[in-house]
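# A look at the structure
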Amino acid sequence: MEIDLKGIPERVITQTIIKHGLNKLLDISCVDVVIVGAGPSGMACAYYLAKHGIKTLVIERRLSFGGGIGGGGMLIPAVVVQKKLRDILEKDFGIRYIEDEHVLVVDPAELIAKLATAAINAGAKFLLGATVEDILTDKERKRVTGVVVNWTAVTMANLWVDPLFIRAHVVVDATGHEASVVRIAAKKLNAKIEVLGEGPAVPEVADDLVVKYSRKVVPGLYTTGMATAAVYKLPRMGPIFGGMILSGKKVAEDIIRELKEQKEEARTELTA
Ligand code: 48H
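Rules behind the numbers
- Residues numbered from 1 in each chain as written.
- Predicted model: local features only at pLDDT ≥ 70, side-chain atom pairs only at ≥ 80, totals over all residues.
- Heavy atoms only, no water.
- Helix = DSSP H or I, 4+ residues; strand = E, 2+ residues; numbered from the N terminus.
- Rg over C-alpha atoms; globule rule 2.2 N^0.38 Å.
- Buried < 20%, exposed > 50% of the residue type's maximum accessible area, 1.4 Å probe, protein only.
- Contact = heavy atoms within 4.5 Å.
- Areas by Shrake-Rupley, 256 points an atom, 1.4 Å probe, with all protein chains shown as cover.
- Lys, Arg positive; Asp, Glu negative; His and termini not counted.
- Charge placed at Lys NZ, Arg CZ, Asp CG, Glu CD.
- Salt bridge = Lys/Arg side-chain N within 4 Å of Asp/Glu carboxyl O.
- Core = buried A, V, L, I, M, F, W, Y, C linked by side-chain atoms within 4.5 Å.
- Near = heavy atom within 4 Å.
- Polar contact = N/O pair within 3.5 Å; in protein donor to acceptor, adjacent residues only side chain to side chain.
- Patch = residues over 30% accessible without salt bridge, like charges linked within 9 Å, V, L, I, M, F, W, Y side chains within 5 Å.
- Axes fitted to C-alpha atoms, helices over the stretch in contact; angles between N-to-C directions.
- Parallel < 35°, antiparallel > 145°, perpendicular 65-115°, else oblique.
- Left-handed = near helix turned anticlockwise from the far one by under 90°.
- Nonpolar A, V, L, I, M, F, W, Y, C, P; charged D, E, K, R; others polar.
- Phe/Tyr/Trp six-rings, centres within 6.5 Å; stacked < 30°, edge-to-face > 60°.

### Quick look at the overall build of the protein
For the protein, the helix and strand inventory stands at 9 helices and 11 strands. Taken over C-alpha atoms, the radius of gyration comes to 20 Å for the protein, in line with the 19 Å a tight globule of 272 residues would show. If you line up the protein on its principal axes, its C-alpha atoms span 65 × 60 × 45 Å. Every one of the 272 residues in the protein was classed for burial, and the buried ones make up 45%. Contacts in the protein between residues at least 24 apart in sequence constitute 67% of all its contacts with a sequence separation of at least 6. Surface summary for the protein: the accessible area is close to 15000 Å², and the carbon and sulfur share equals 58%. Between the averaged position of the 35 positive side-chain charges in the protein and that of its 33 negative side-chain charges there is a distance of 4 Å.

Okay, here's the thing in structure tokens:
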């Protein structure tokens, strides 16, 4: 067999990856918003934040996007979305659907791919295969100021490798049913937070409640999606995804407002 001497030498592959990969890690070491979890609510939130020019990083434990979308309902490859999201699906994400009598039917693979594409095209960065294992706080332990992160492979292998820190003005817990960031905050912050655990399934009311309760939990920490349901014992809704997208959008709007107010306060202090 002849060796192609014009092929790319191995050192080029390695050095290019290290140079660009480490530059990316350097760039994301300090951001405006860290979203933990690349499920539907996290990716929708990332899209609306990044579209607004906010430096946004999504950290996902797995090597792929989508969270619970890919499993559909009992692994059947169709998910449903409320009709009121027609415009959002079409205009914001370019997601196609089948108009059924009561709901819109969406292909899970398309929902995953297009939520991720929209967020990335808007400027959000993703770090895959990384697990948030702790939070950063201010000295008084009253405010969340970032996350502590390690490679999932390290966490799974139970190796003692020290993690690294990512600073952020705001952290969003989009970890779904686990609400893992709020659970950590409940243990470590000087604040009264409790994770009550998800309530039973009541699809008729669950979506509206999850959107309503998706908000700031403590300074520097918000929840979106099923993490919100887990914190406040809200009912679950099953494999209908409109509430997840609207919850991500609502939290993004709250954060945009908060960051704008913070900037205005800082400007007033400077000019005073
Ligand atoms: C990094 C982490 C960590 C961590 C977890 O479960 P998700 O899809 O979450 P949501 O809330 O966007 O969507 C929920 C939806 O998928 C669902 O399950 C519904 C609607 N259920 C209704 C019902 O009745 O059951 O995604 C969460 C993501 C996952 O990809 C995790 O891997 C990731 O977060 N994650 N990433 N660090 N510590 N913990």
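### Section: the pattern of salt bridges
A full pass over the atoms with the stated rule returns 15 salt bridges. Residue Arg96 is joined to Glu110 by a salt bridge in which the shortest nitrogen-to-oxygen separation is 2.9 Å. Of the two residues, Arg96 sits in the loop between α3 (86-93) and β4 (98-99) while Glu110 sits in helix α4 (residues 108-122), which places them 14 residues apart along the sequence. Counted as one network, the salt bridges with shared partners bring together Lys83, Arg86 and Glu99.

### A short note on the nonpolar core
Judged by nonpolar contacts, the single largest core of 51 residues is most densely connected at Val33, Ile35, Leu49, Phe93, Leu111 and Ile255. It is helix α2 (residues 40-51) that provides the largest number of residues to this core, a total of 8 residues.

### Focus: the site of the ligand
Close to the ligand lie 28 residues, the nearest being Ser41, Glu60, Gly68, Met226 and Arg236. Contacts to the ligand include Met237, whose backbone N or O atom sits 3.4 Å from an oxygen atom. Gly238 places a main-chain nitrogen or oxygen 2.8 Å from an oxygen atom of the ligand. Across the complex, the protein chains shield 93% of the 800 Å² of accessible surface that the ligand would expose by itself.

### Side note on a nonpolar patch on the surface
A contiguous nonpolar surface patch, about 380 Å² in accessible area, is contributed by Ile8, Val12, Ile13 and Ile17. Mapped onto the elements of the fold, Ile17 is located in helix α1 (residues 10-27).

### Regarding the packing of α2 against helix α9 (residues 242-271)
For any two helices packed against each other, one specifies the crossing angle of their axes together with the interaxial distance. Interhelical geometry of α2 versus α9 gives an angle of 40 degrees and a closest axis separation of 7 Å. With respect to their mutual orientation, α2 and α9 come out oblique. Read as a crossing pair, α2 and α9 show a hand that is right-handed. Along the contact surface, α2 presents Pro40, Ser41, Ala44, Cys45, Tyr48 and Leu49, while α9 presents Met244, Ile245, Gly248, Lys249, Val251, Ala252, Ile255 and Ile256. Across the contact of α2 with α9, the residue classes tally to 11 nonpolar, 2 polar and 1 charged.

### Considering the packing of aromatic side chains
Enumeration according to the criterion identifies 5 aromatic pairs in this entry. When the centroid spacing of 4.9 Å and the interplanar angle of 55 degrees are considered together, the rings of Tyr47 and Phe93 count as tilted. Within this pair, whereas Tyr47 is found in helix α2, its partner Phe93 is found in helix α3, the two being separated by 46 residues in sequence. By the burial criterion, Tyr47 is buried, and Phe93 matches it. With 5.3 Å between their ring centres and 45 degrees between their planes, Tyr213 and Tyr232 make a pair best called tilted. Here the residue Tyr213 occupies a position in helix α7 (residues 203-213), and Tyr232 occupies one in helix α8 (residues 226-232), the gap between them amounting to 19 residues.

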